Amino acid sequence: MRNSAEKIRSTGNPNVMVCERGTMFGYSDLVVDPRNMELMRDANCPIVADVTHSLQQPAGRSAGSDGGVASGGLRELIPCVSRTCVAVGVDGIFMEVHDDPNSSPVDGPTQWPLRHLRPLLKELIDIGNATKGKERFEIDVSPFREGEETP
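Fair warning: this is a prediction, and the values are worked out from it, not measured in the lab. (Residues numbered from 1 in each chain as written. Predicted model: local features only at pLDDT ≥ 70, side-chain atom pairs only at ≥ 80, totals over all residues. Heavy atoms only, no water.)

**Here's the deal with the pattern of salt bridges**
Summed over all chains, the structure comprises 8 salt bridges. One salt bridge connects D33 with R35, and the closest N-O pair in it is separated by 2.6 Å. You can call R35 exposed: its relative accessible area is 59%. For R83, the salt bridge identified is with E123, shortest N-O distance 2.6 Å. Taken as a pair, R83 in helix α4 (residues 78-87) and E123 in helix α5 (residues 117-130) lie far apart in primary sequence, 40 residues in all. On the accessibility criterion, R83 (33% relative accessible area) is partly exposed. Taken together, the shared-partner salt bridges in this structure form one network comprising E38, R41 and R136. (Salt bridge = Lys/Arg side-chain N within 4 Å of Asp/Glu carboxyl O. Buried < 20%, exposed > 50% of the residue type's maximum accessible area, 1.4 Å probe, protein only. Helix = DSSP H or I, 4+ residues; strand = E, 2+ residues; numbered from the N terminus.)

Written as structure tokens, this is what we have:
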């Protein structure tokens, strides 16, 4: 992502962020790999996780008797993926929220119910305050000796 971010900056725009939206796996699953968010730090800009998009299942459900398909989704995993993203230290979360997700004309299966937004955000803030996800862990691979102090 560093090259993409630098290309944008080269136009004079310093307002760059990168976004994790999931990677297609198989035929109808997007998957979030937490390693990606660590690797994105190389772009030297804020990292945002588009949690609800990453839980879409493209062409994952039937859209009627004519054989059409529509995107499905895994709404129930929104807290899990959000917690993971915050724990590894993303700078922001993007989440589609709706007061009546099942009546939403677009992406209903991956919209988070408005009534549950506040408690989820409170939990994510708590995780963000507790994690060291943005800090690099200095790894010492020299041989460990008996009696040696550990950090």
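**Let's talk about the layout of surface pockets**
Looking at the largest pocket, its volume works out to about 150 Å³. Contributing to the lining of the largest pocket are V86, G89, V90, D91, G92, I93, G128, T131, K132, G133, K134 and E135. In terms of residue class, the lining of the largest pocket is built from 3 nonpolar, 5 polar and 4 charged. (1 Å grid on protein atoms, 1.4 Å probe; cavity = no way out; pocket = protein on both sides within 12 Å on 5 of 7 lines; lining within 4 Å. Points joined across faces, edges and corners; volume = space filled by probe spheres on them. Nonpolar A, V, L, I, M, F, W, Y, C, P; charged D, E, K, R; others polar.)

**A closer look at the sheet that holds strand β7 (residues 92-94)**
Strands sit in the order β1-β4-β7 across an open sheet of 3 strands; the sheet is parallel. Two strands close off the open sheet at either side, each with one partner strand: β1 (18-20) and β7. Strand-to-strand twist across the sheet, computed as the mean angle between neighbouring axes with direction ignored, equals 30 degrees. Sheet topology places strand β4 (residues 47-50) next to β7; 3 bridges connect them, and they run parallel. Bridging from a neighbouring strand, A49 pairs with I93 of β7. (Pairing = 2+ DSSP bridges. Axes fitted to C-alpha atoms, helices over the stretch in contact; angles between N-to-C directions.)

**Some thoughts on α4**
Listed in full, the buried residues belonging to α4 are I78, P79, V81, S82, C85 and V86. Considered in projection along α4, the buried side chains sweep an arc of 165 degrees and stay on one side of the axis. Lining the buried residues of α4 we find α2 (34-40), β4, α3 (51-54), β7, β9 (112-113) and α5. One or two positions beyond α4, positive phi appears at G89, with a value near 100 degrees. (Arc of directions from axis to C-beta. Contact = heavy atoms within 4.5 Å.)

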